[in-house]
Structures are given as structure tokens and as C-alpha cells.
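Below are the chains, spelled out letter by letter.
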Amino acid sequence: MNNEEKPASMCGSQRPLMCSLSDSCSGPLVSTLPQSSFQSSSQSSASYAAHNGKLNRRDGAGGWSPVVTEQEPWLQVDLRERMEVTAVATQGRFDSWDWVSSYLLLYSDTGRAWKQYRHEDGSFAGNVNSEAVVQNKLSHSVRTRFLRFVPLDWNPSGWMGLRVEAYGCSYKSYVADFDGRSSLLYRFNQKSMSTVKDVVSLRFKSHQAEGVLLHGEGQRGDYMTLELHRGRLDLYLNLGSPSLLVGSLLDDQQWHAVHVERFNKQVNLTVDSHTQHFHAKGEGHSLEVDYEVTGGGLCARGHRRVTRRKTGFGSNKLGGRGVSLRLRGVNPCPWVFPVLQGNVTFSCSPPQLVACTFLSAAGSFLSLPSAPSPAGDFSARLQFRTWNPDGLLLSAWLNPERRGLELRINGSRLQLTLRGARPRLNVKCRSSGQRVDDGLWHSVSVSASNQQMTLTVDDNWPQLSLIKPRVLSLPGCPTEDCQHLTPDFQGCVRLIVINGHPMDLNRVQQGLLGNYNELQFDTCNIRDRCLPSLCEHGGRCSQTWSSFSCDCWGTGYSGAPCHTSIYESSCEAYRLIGSSSGFYSIDPDGSGPLGPTQVYCNMTEEKVWTVLAHNGTAAVAVQGSSLQRPHVTRFDYGASAEQLRAVVTGSEHCQQEVVYNSRTDRPFSSSADGSPLTWWLDRDGEKRSYWVGLLPGVQQCSCSLKENCVHRNYFCNCDADGDAWYTANDTGVLSYKDHLPVSQIVIGDTNRTGSQAVHRVGPLRCYGDKSLWNTVSFYQEASYLYFPTLQAELASDISFYFKTSAPSGVFLENQGLRDFIRVELAAPSVVTFSFDVGNGPAVLTVNSHLPLNDRQWHYVRAERNVKEASLQVDQLPLRFLQAPADGHLRLRLSSQLFVEVSVSFDMESSVTYTFQEPFSVMQNRRSQASSVSAESSSRAREDAAFSFVTSQRPAMLLTVSTFSQQYIAVILARNGSLQIWYHLQTDGSPDVFSPVLANLADGRLHRIRIHRVGKNLYVQVSASNAPKYTLSSDAELILIRSLTLGKVASESCRRAASRGFIGCLSSVQFNHVAPLKAALTNRGSSLVSIRGPLVQSNCGALAESTSRTLQGETPHTHTRCKVKHTRTHTRCKVKHTRTHTRCKVKHTHRLKDH
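Residues numbered from 1 in each chain as written. Predicted model: local features only at pLDDT ≥ 70, side-chain atom pairs only at ≥ 80, totals over all residues. Heavy atoms only, no water.

A. The overall build of the chain, seen in detail. Looking only at helices and strands, the chain has eight helices and 79 strands in total. Taking all 1154 residues of the chain together, the buried fraction comes to 56%. Looking at the chain alone, contacts between residues at least 24 apart form 70% of all its contacts between residues at least 6 apart. (Helix = DSSP H or I, 4+ residues; strand = E, 2+ residues; numbered from the N terminus. Buried < 20%, exposed > 50% of the residue type's maximum accessible area, 1.4 Å probe, protein only. Contact = heavy atoms within 4.5 Å.)

B. Fine view of the packing of aromatic side chains. Here the structure, examined in full by the defined rule, presents 19 aromatic pairs. With a centroid separation of 5.0 Å and an interplanar angle of 50 degrees, the aromatic rings of Y801 and Y859 are classed as tilted. With Y801 in strand 55 (residues 796–804) and Y859 in strand 60 (residues 858–864), the pair connects residues that are 58 residues apart, well separated along the chain. Centre to centre, the rings of F946 and F948 are 6.2 Å apart; their planes meet at 40 degrees, and the pair counts as tilted. According to the relative accessible area criterion, F948 is buried, its value standing at 0%. Above the plane of the ring of Y767 lies K607, whose end atom (NZ or CZ) is 5.0 Å from the centre. When the ring centre of W679 is taken as reference, the NZ or CZ atom of K687 above it lies at 4.0 Å. (Phe/Tyr/Trp six-rings, centres within 6.5 Å; stacked < 30°, edge-to-face > 60°. Lys NZ or Arg CZ within 6 Å of the ring centre and 35° of its normal.)

C. A look at the side chain of Q543. Examined against the element boundaries, Q543 turns out to sit in strand 38 (residues 540–543). Since its relative accessible area comes to 14%, Q543 is described here as buried. Within polar-contact distance, the side chain of Q543 engages the side chain of D528 at 2.7 Å. Looking at Q543, its side chain comes within polar contact range of the main-chain nitrogen of R529, at 2.7 Å. In contact with Q543, not counting residues within four places along its chain, are W387, R527, D528, R529, C530 and F548. (Polar contact = N/O pair within 3.5 Å; in protein donor to acceptor, adjacent residues only side chain to side chain.)

D. Examining the state of the cysteines more closely. Tallied over the entire structure, the rule returns seven disulfides. There is a disulfide in this structure between C571 and C601, and the S-S distance comes to 2.0 Å. Between C571 and C601, the S-S torsion sits near -75 degrees, and that sign places the bridge as left-handed. Here C571, found in helix 2 (residues 571–576), pairs with C601, found in strand 43 (residues 597–602); they are 30 residues apart in sequence, far enough to count as distant. Residue classification places C571 among the buried residues on the basis of a relative accessible area of 0%. Here C654 is linked by a disulfide to C766, with a sulfur-sulfur distance of 2.0 Å. Residues C654 and C766 are joined through a disulfide that is right-handed, its torsion about the S-S bond being 110 degrees. Placement of the pair is C654 in strand 47 (residues 653–663) and C766 in strand 53 (residues 764–767), with a sequence separation of 112 residues. On the basis of relative accessibility, which here comes to 0%, the residue C766 falls in the buried class. (Disulfide = S-S within 2.5 Å.)

E. Summary view of the UniProt feature "domain: EGF-like" (unreviewed entry) in the chain. UniProt marks residues 526–563 with the feature "domain: EGF-like" (unreviewed entry), using the numbering shown here. The span residues 526–563 is 0% helix and 26% strand, and its two end C-alpha atoms sit 27 Å from each other. (UniProt positions renumbered as here; feature names shortened; annotations may be inferred.)

F. Structural context of the pairing of strand 4 (residues 100–108). Among the nine residues of strand 4, eight are classified as buried, and the element is accordingly described as predominantly covered. Inspection of the sheet shows strand 4 paired to strand 7 (residues 134–154) by eight bridges, in the antiparallel sense. Counted as the bridge partner of Y107 is L147 from strand 7. Bridge count between strand 4 and strand 6 (residues 124–125): two bridges; the pairing is antiparallel. Looking at the pairing, S102 lines up with A125 of strand 6. Two elements, strand 4 and strand 5 (residues 115–116), share two bridges in a ladder whose sense is antiparallel. Among the inter-strand pairings, L106 is bridged to a residue of strand 5, identified as Q116. (Pairing = 2+ DSSP bridges.)

G. How the structure looks around the environment of L997. As for its placement among the helices and strands, L997 is situated in the loop between strand 70 (991–996) and strand 71 (1006–1013). Sequence spacing of L997 and S977 is 20 residues, and the spatial spacing of their C-alpha atoms is 4.7 Å.

H. How the structure looks around the environment of G391. You can see G391 is positioned in strand 26 (residues 391–398). According to the relative accessible area criterion, G391 is buried, its value standing at 0%. A C-alpha to C-alpha distance of 6.8 Å links G391 and N410, two positions 19 residues apart in sequence.

I. A look at the sheet that holds strand 49 (residues 687–688). Strand order in the open sheet formed by four strands is 46-51-48-49, and the pairing between neighbours is antiparallel. A strand with exactly one partner marks an edge of an open sheet, and here the two such strands are strand 46 (631–634) and strand 49. One ladder, built from four bridges, connects strand 48 (residues 678–681) with strand 51 (residues 744–747); its direction is antiparallel. Pairing of W679 across the sheet is with V746, part of strand 51.

J. Summary view of the pattern of salt bridges. Evaluated as defined, the whole model comprises 25 salt bridges. In this structure, E84 and R143 form a salt bridge, with 2.5 Å as the shortest nitrogen-oxygen distance. Here E84, found in strand 3 (residues 75–91), pairs with R143, found in strand 7; they are 59 residues apart in sequence, far enough to count as distant. Take E84: its relative accessible area is 2%, and that puts it in the buried class. Take R143: its relative accessible area is 14%, and that puts it in the buried class. With its nearest N and O atoms 2.9 Å apart, the salt bridge here joins R230 to D438. Pair noted here: R230 is in the loop between strand 13 (223–229) and strand 14 (232–237) and D438 is in the loop between strand 29 (427–430) and strand 30 (442–449), with a separation of 208 residues, a long-range link. Overlapping salt bridges bring together D78, R80 and R145 as one network. (Salt bridge = Lys/Arg side-chain N within 4 Å of Asp/Glu carboxyl O.)

K. View of the sheet that holds strand 13. Within the open sheet, the seven strands sit side by side as 15-14-13-12-19-10-22. Their pairing is antiparallel. The sheet is open, and its two borders are formed by strand 15 (244–246) and strand 22 (339–341), each paired with just one other strand. For this sheet the average axis-to-axis angle between neighbouring strands, irrespective of direction, equals 15 degrees. Summarising the sheet, strand 12 (residues 211–217) and strand 13 pair through six bridges and their orientation is antiparallel. Considered in strand 13, the bridge of H215 is made with T225. (Axes fitted to C-alpha atoms, helices over the stretch in contact; angles between N-to-C directions.)

L. Representation of the nonpolar core. One finds F946, F948, L978, L1017, L1045 and L1065 to be the most contacted residues of the largest nonpolar core, which totals 44 residues. When residues in this core are grouped by element, the largest group, four residues, is from strand 67 (residues 955–962). If we ignore the near neighbours within four places in the chain, the residues touching L978 are L957, V970, I971, L972, F993, S994, P995, V996, L1000, I1008, V1019 and V1021. Core analysis: the next-biggest nonpolar cluster, separate from the first, contains 32 residues, L368, L382, L394 and L455 among them. (Core = buried A, V, L, I, M, F, W, Y, C linked by side-chain atoms within 4.5 Å.)

M. Up close: unusual backbone geometry. That bond from L531 to P532 is cis: its omega, -10 degrees, falls within 30 degrees of zero. Within the secondary structure, P532 is located in the loop between strand 37 (519–521) and strand 38. With an omega of -5 degrees, the peptide bond between R953 and P954 qualifies as cis. With a phi angle near 50 degrees, D95 is a residue other than glycine that sits in the positive phi range. Along the chain, D95 turns up in the loop between strand 3 and strand 4.

In C-alpha cells:
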């Protein structure tokens, strides 16, 4: 695009008209701004002012900090003009303990109406110290002038401190502003043209949910229309296709990008980051939009109109973006100068609609005075939007009898209630019309004149007699007299007018007007939790303000996000639950993307047969076919190709019978050029010409393999070309699984006199389920299996059977940088499922009343999705854990999936794991609920676990140290007893506990678990109970520096530290860190420091003689792992959604002995 082009001239534009970006858009935007570009909610003092908050600067106190009483802090930057912003960065206040660890980013064109940038996981990650710069790249860039940083979390040992930078480039564009009755018309000046590829790009912003953005027509009636409807974008094309619908909440006064691409019948419509793909079903491939294109509305000139709603881009002044339209095959300059219709301007007027957000359904309110009108009448008017079906929207007290007026959303519709002094005087009136919990803006007004009250909702109003009110409150009631029959309103409100006087929300925010609680000003912070929908398998998404739910009816799946199949995976699985022969729906990939399919399960034989019939099992007679005009029979199995592939791949054996009878026919012979006269197509549409057996290379019929063909000169009976039906019969069974089932049969040699063929293809028949009873045994502590990284960002489920005599062990574990997922036998009767997706470790525990290490098979199923996590063990009660409404969603894993690591140490050995950054274990969240218990709300928390074998005493097992001289130490004393040292207050003595007085340096394997919450410390040794100990302080570990196994320099535990550790350590975990695995799989990493000899070993072998003396044999574990894969024959039922590769186990089934 040439920047010199005028708005009227769009000829030759090969780039969107609204963009003029350089190839690199990552330059700093804040560092050169003047002091006047910075604003903040408050400042501690002049030296902490907002203009000191530039990255890497030391001006004033070294950054911005608000006053300590600030309830809603923010730092705002004015970029002076609209910029393309691609990244932001933050830093703490210089040389201090003040930094922000997470924040929200808001942006605005005007500095009044703000929109939250929806980061993938909600908030942005901030800093962990005052100097390191943390940069966050934006997944999609924004074009804006104002940025606002809103701190959420900060250093619990300091305060908020912030220095910021934004990165991007300048942004220039041409705009057109439409008022709802205007349009901009471009008309082609050439003859009729037809295109097979069209590209349309534009940007727009609006505060109206209805209106036409762009409409194009052709001379022969073809059209293309982009139209806003209910805040979403519709695309209409006359290619025999319905409209495409994309986006949501597009009436938010923020810029939205639209991109339409059409190639023949394939259409892609993208709005911001959401794309819909569609394949048109009409007969035509071309589109003739060759007459005119109109922006902002439709012209009333008698040409075809395709929209069913009012034309025009809104009814007030709105911003309509400059349009760039590219039609392939058009001459370089097909336009004439535009025709302006109505009031079109080429600059966007600033928005006048400023909203506020009611954040809580249990405490948000705005109380405003009701100024008396000259006539003594009363009126209130406002606009609102919400997703909640219930909530108190407005209330007022009436004189002289203190009656209460309440306007509620009740069952998705508005209800006006007049509450008398006695309950029998209560009067209710409910509005008719559409629902008001649809996320759209709705207007409501209440007016009182004489003895009549009128309620108007959009364009519908009931009436009843009331007395004029005195005070207005929205939406909750700050007074004690208000009755809370429903929750308070949660949503957005704007344009509040009382008795004809507009209410200035700026004055409310400044404390000059009314009273409020838990409001967010200058923004409508609504979000569509159903876009994109996180419901799986076609589940229907619905939402409230704070959560979403999925309706799974009719999908074949259950669970909160419709993740779990309600059907068994195979006929074999149905037999295991006691079913008999009959028709069943099976789901061969479980919770994977493939849906269920119906099959017949034949359980009358020793093997369980899965039978998939098709539409052509009857015999088919064929005459008059040739190679030029062959006869084709197509087979429909009532299942997709992917479903058929899954059934066949998951079975041990599959076969399909083909019967061919002919007369005067040579079906299996070849033509003169060597091509077959008859063939069949496999499931992938590939041509096949063999007719029997397991291997494709056998180009013979069954009679040849059995050496009983009627004519020995031929490999098939039918190739003898005889005229007798009884001799010309070939029956074969196809059993090469990679080619089954048969999708077509093609016959090309029945066009001679008397020639005829009859063929019949039987159903696909399979037996065996390779996902069942796929067993592997772990005989040693150091045995493990490697799996590829679990691809389970949004949802996964894991199921397996196990039997063991060991008291504990890890079944499955996968880790990322911070995220992890783990299933383990924590104690003989306890199974735990733990994970962390960024919201802190979550643990589900199932306790059995009987030991699970009884050498009997036990079943475990763990599932984690965006709504909840669950754990099932045998038939014990299912355990659930709800996911936080606005927490992180994606589980990001990077390591391989594997089990248990053991390492041998000598006296000089040590492993030190250095945390990537100074790490504060817990966060200070200002949104933390106050109703939880003291223990659960404590910020201080550690979880540690490891196994060891040693005969040495004293010994240093594990040490955790911080930059602030705090530490945790786990040692064996001189008598072999276990000691736990906690030094939390640097000016005091450490707390020392001895959970076990017996000698643990006895050459046996011991498992230690340590769990601390606040002052409460729990220590479990092997299968014993975990008694509670009380620390002298509930302080948290500040800035963890390192974790060391083995020898360490320590003055406090000199004797144990100097002796180090001789023996074996395994399965070491501290919070989300597994240091031994890091040491063995990342040798050379800067995170891991190894001193002295370190050998991967087997802790079980060191304890073997003692173990055999006590138990007679080494404990071992059998795991029947049921993880379903596509591309491998071994399955382990870690069923992943939203990916087609489900656990691809390298699956060696190997045992590693050391």
C-alpha cells in the first residue's frame, strides 16, 4: 500500500488499506515519552510518581509505587498516538523488595473506555525480583494509544513496584465514520467479471450490535454481505451456503479485524483470532460481485437486499473502519471515485459511552442520590449487559410508607416488585419478551407519574400503580433493610439517568457522588466464555458471568466438558462387563476426537467378533461393463474413514470375505497393458488387485493357494472364461488390516456376449482389543518405561490396572518447566493424583479401607480437564476437584513420560538443583477469599518426598536454602533417627523434630513425605501415619535458591553435613521439582550442579538381602496400562483430546536393569 493514496482511491491496493506496518514491529515505545504521558491511580510520594516507571531507569525512587491503602492500583501510559503494540515488559522498583508478580493489561483509544487484553491464561506473568526484565509477547497485537497495567499479585515481603515498556511500531490507517444512515459507495467501471478467488480485509469498531459493514453486488445478482447481528459477524454469499457466524461481543467500541478469503467453494472467515471454515454446497464456483461495493450500509436504489434487519452501521455515530477489498482477476483500477451518502466523515469520533463493571454477585453496589424533579415525578433509565439469569438490578425506597421498589432479573427476564409494609401488599410484574442474560446491551427505564409506574424493557412495557421513590441503589443494597432474595447483579452498566440527570461515573469514582463497592470503572469487563467453546464432542456451551457449562445431551459423552465417552471402546470391553450379543455403539478412541459408531457384537463364539455391515451385503449382478465404462459398487459402513481405521487398528485381527461368480468373464486377468480388469479400493481409496490372504503381494485366488482350481492353467476359477456358473466361483478372505475394509469394487470385463458377473462383499469382521490386558511388569525400583510427552493441554484421562506388593510407587509422571502431572501409590491404601497447570499444585486422594498392595488387580482412572479433575480407584467413591473459574487452563509438559529414578551417592557426592529464578513458593493474591480456613489460606506451603537406602549415620539427605538465609534440612542423626530442621526466622533458632527415633540407617528402603501448611508440619515415614507438628513460625520461604542432595556446607548441622550421604536416593520431589530426573536427563545444564561420583542405580538392589529376609521376595508391580494410541500397536489409554496423536508409546516394554 502506498501511504500517499487518498481514501477515495483504492486501486491497486495489494495490502489491507488499514495497515502500514514495517517488517519489524518490536521497537520500544515508552522510553522516550514525556512525563505527561504517565498517570496512575496514586503514588506513595513524589519520588514514586508514575513517570518514574520507565524500564531500566533509576529516576526518583527507581519506579512507580502506589500508596499502601490503594484498593485498585494501576499505572497508565499514553503512547501519544495509536501504535501497533506487540509486546510488553515489566521490572520491579530499582534496588528494592517491591515488584509485581502478575498483572492485567488494559488498552484504549481514548483513555476512557477500556478493554482487557485476553491473555491465553488470563493474567500476565510479572517479576520475581526487582531487576530482571520479564517480557510478554502478545499472541495477537493490538492497535491502541493508551495502555494500563493493573497489578494483581506482588512480593508478599515488600510492596508493588513497577517499571514498564511496550514494544511495537507506528500505525497509520484511513478511516470512515458512519452514523447509521450513511454509506460509502464504490462502483466498478468495467464490464462483467467473474472471480474464483476473493479476499476482503477490514477493521471496524462499534457500540451497536446490529448493522451492515460491507455489501457487494454483481450485475447478475451475486452478492457478498458482512453484517453485525447480536454482536456477532454474519457473512452471506450466494454460493448455495447458509451464513457464516463468527465472533462475539463485537459491539465493545474496540477495533476488530475481519478477513475473508474465498477460493472456489472454500470460504474462510476470520474475526480477530477466531476462524470459521466452510465449504459451499452450491453448484457454482465463481462469484460475480462486479457492480458495486457499499461500506457502512445498503443504498436504497432498488437492487437486491439480502439482509433481514435494518441497514446501516448503527443508529448513532460509530466508527466504521476503512475497507480494503481485493477481488482476484480484477483490472488494476476497477473503481470510480466513491459516492458519499449521508454523513460520512474520515475520522472516528471518540466514544461517549463509558461503562462500569459490577464484579461480584455478593457485594457489588452503586448507590446514587435521587434528585427531586420539579413535578415530583421519578424516573430512572440505564443500559446493562450480563450473562447471569438472576440478579438484583435496581432498588429504591418509597415515601411515605417505606415501601421498597426492586427490579430484578429473575429467570432471565426482568421482574419489578413493589414490597409493602406487610408481605400481603407485595406486588410483582414480570416483563415479557426476550431473555436479557444473552450478553447484549439492554435498555430499561422506570418512570413514576401520579399513581402510575411504567417499566420499559427495550420496546416492551407492563404497568402497575406505585408511589414515587426516594433513593436509588444499583444493583445491590448497602442498607440493612434490603431483602436479598436473589444474588446481586453481576455485569456492566452505562448511561445511568435519574430524573433526567445523567450520572457522571467519574465523580462517583472520585468519591464526589454516591457510594460504591467492588466496581471497575471505565470498562465493561465482559467476556464470552463460550468463544472458543471448551465443550468437547459437540457439547453445547452456556455461561454465566463467572463460569461456563456444557450440555452433553445427544453427544455420546459425559462429564463437565463432555470429555468421557458413555460407550465402551470395543465389543471385547462390552463382554467384560457382562453384555451379550447384540447391536452396540462403540467408541474406539474413547475420549479422543472420533465419535461412536454402531456395530454388532457377536459373543456366541470363543472369540468376540465386532461386525460392521455395509449397504451392499446382498449379491450384485453386473453386465455390460468395460474398462472405459466400468461398473462401480461403493460400500457405506455407516462410519467415517477415521472411525473404521480406529476399529481395525485397535483389533488383533480383521477379515472380510469376497465372493465372485462369473460367466464368460476374466475378472482377475490383466489387459494388454498389464492393468487388471477388476479391482477393489481399500479404505484410503488405493487400488488393490489381490483377492485373498494376509499379504498384498499374493496375486492369486484361494483355489490357487489350495491347489484346487478347476483349470490348472489359471490362478482363479473365474479367469477360465467359461460359461458355467458352478465352475466359475472364487471366494477369498482379505485379512491384511492396513487395507481393510473394502470401500469399492470396480468390474471392467462383462461387455462381451453372454458375459455376466455376480459379486458379494461380506461385512468387516474383527476380534480382539489390543488395549485390554496389555501388561508390563516392574521388578526393580529402577525399572521404568519411556513415553513421549503427554499432549494434554486442555484435557486428558488416564486409566490402568495394577497389582503390587510394594508399599508405594509412582505409576506415571510427566513434567514441564513448572507444570506437572503425577499418579502414584502414596501408601499401601492411598492413591493420589496431583498436577499443576499454573494455579499451584492440586492433589486428589482416594483412601481405601483395604490395602491396595495385596497382589490383586486394582483399577485407577484419573481425569483432568478445564472444568474439574477426578480420581477413581476400583469402586470407591469418585473424588472431584473443581478448577478455578479464571485460572490457568493449559497443562504444558515438555519431558518424557516415565517412572522412578534412583541414584547412588558416596561421601563426596552431591546434586544441587538451582532454581531458574528466585522462587517465592506462594503468591499474595488480593482476590483471595476470606472465608477459607486459616490453614488453607496460609501462604506458606511445601511438599517434599523421597526414598532412600543407607547404612551410614549421621547422614545429610536433603537441604533447601533461600537467599534470605532460611533453610530446611532432612538428616539422619548419629543414632540413625530421622530429624527435620526448619529455620524460618533468621534471628531465631531452628525448629528440630524427630518423627522416628528408630535407626533408619538399616539398609532398608524408606519413603519420607513432608507436607507443611503455615505452622502445621506433617511427616510420614513409609506406611506409618503422618503426625502433625507445630512450627514456631508460619513464615514462608522467601526466594528459594537451591535444593541439595548429599554433602553440603552447613554450620547448623555440621556433623551430618560433613559426612554427606552414602547410599541410594530415588523419586525425589520438592513441590514441582524432580532434581534427580533433572540431573540424569539434563547433564550439563546450568540448573544442575553435580559433585563427586553419581551413578544411576537401583535402591531396591541395595535393600535386596534385607527385603528377601523379611518378605521372601522382591516386591514388584504389574501395570496393565491402557493408553490408546494411533500409530502404535501398544496402548496405554492416556486418551488425549484435541490432538490426533494419543500417546504414541515408544513402548519398548523393556525393563531397565542397573
